[in-house]
Amino acid sequence: MKRKDYIKWDEYFMGIALLSTERSKDPNTSVGACIVSEDNKILSVGYNGMPIGISDDEFPWSREGDSLNTKYLYVCHAELNAILNYTGVNIKGAKIYTTLFPCNECTKAIIQKGIKEIIYKSDKYSETDTVIASKKMLDAAGVTYRQYTPIGRDITLSL
């Protein structure tokens, strides 16, 4: 008889997104994303961090201060990194699992690439203009989004 306590697809892919957050060097907000095909194959992953070739020791990680001395103008978000990391031809119709609801800039890329569904863990910035704009664009483009519902199960990895 087969095991019955295996994790479902949502748990599996959100787990990959959560594991990806562990690559982020952001001291405040670590975000991970996993793009999945219509037939549940992982297409790409990403996390928030500095662009390739930019030293994350020489650029700021601060959240406050003069904009040129904060992380916001430099960090590449997890969703955009996952899209840019994809080496295939087409991700149209795919889903993206992300640990944080995407900002308006990542949302534009999600829509442009033809991703049809967003599954997110946290929407802690739901009242900000960037997330309100994101939802407005997603609704207009017919991209669905739903919050991931945790199953309340702990999985431990020993690395």
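Here, the structure is the one placed above.
Note that the structure is a prediction, hence the values are computed from the model and not measured.

What the protein contains, in helices and strands, is four helices and five strands. For the protein, the N- to C-terminal ordering of α and β elements is α-β-β-α-β-α-β-α-β. For the protein, whose C-alpha radius of gyration is 16 Å, the value lies close to the compact-globule estimate of 15 Å for 159 residues. Dimensions of the protein, computed from the C-alpha atoms along their principal axes, are close to 60 × 40 × 35 Å. With 159 residues in all, the protein has 40% of them scored as buried.

With that settled, consider the packing of aromatic side chains. Across all of its chains, the model carries seven aromatic pairs by this definition. Look at Trp9 and Phe13: their rings are 5.4 Å apart centre to centre, the planes differ by 10°, and that puts the pair in the stacked class. On the criterion of helical spacing, the pair formed by Trp9 and Phe13 is a turn pair, its members being four residues apart in helix H1 (residues 9–21). By relative accessible area, which is 47% here, Trp9 ends up partly exposed. Judged by its relative accessible area of 0%, Phe13 falls in the buried class. Both rings, one in Phe101 and one in Tyr145, keep their centres 5.4 Å apart while their planes meet at 85°; by these two values the pair is edge-to-face.

Basis of the calculations
Residues numbered from 1 in each chain as written. Predicted model: local features only at pLDDT ≥ 70, side-chain atom pairs only at ≥ 80, totals over all residues. Heavy atoms only, no water. Helix = DSSP H or I, 4+ residues; strand = E, 2+ residues; numbered from the N terminus. Rg over C-alpha atoms; globule rule 2.2 N^0.38 Å. Buried < 20%, exposed > 50% of the residue type's maximum accessible area, 1.4 Å probe, protein only. Phe/Tyr/Trp six-rings, centres within 6.5 Å; stacked < 30°, edge-to-face > 60°.

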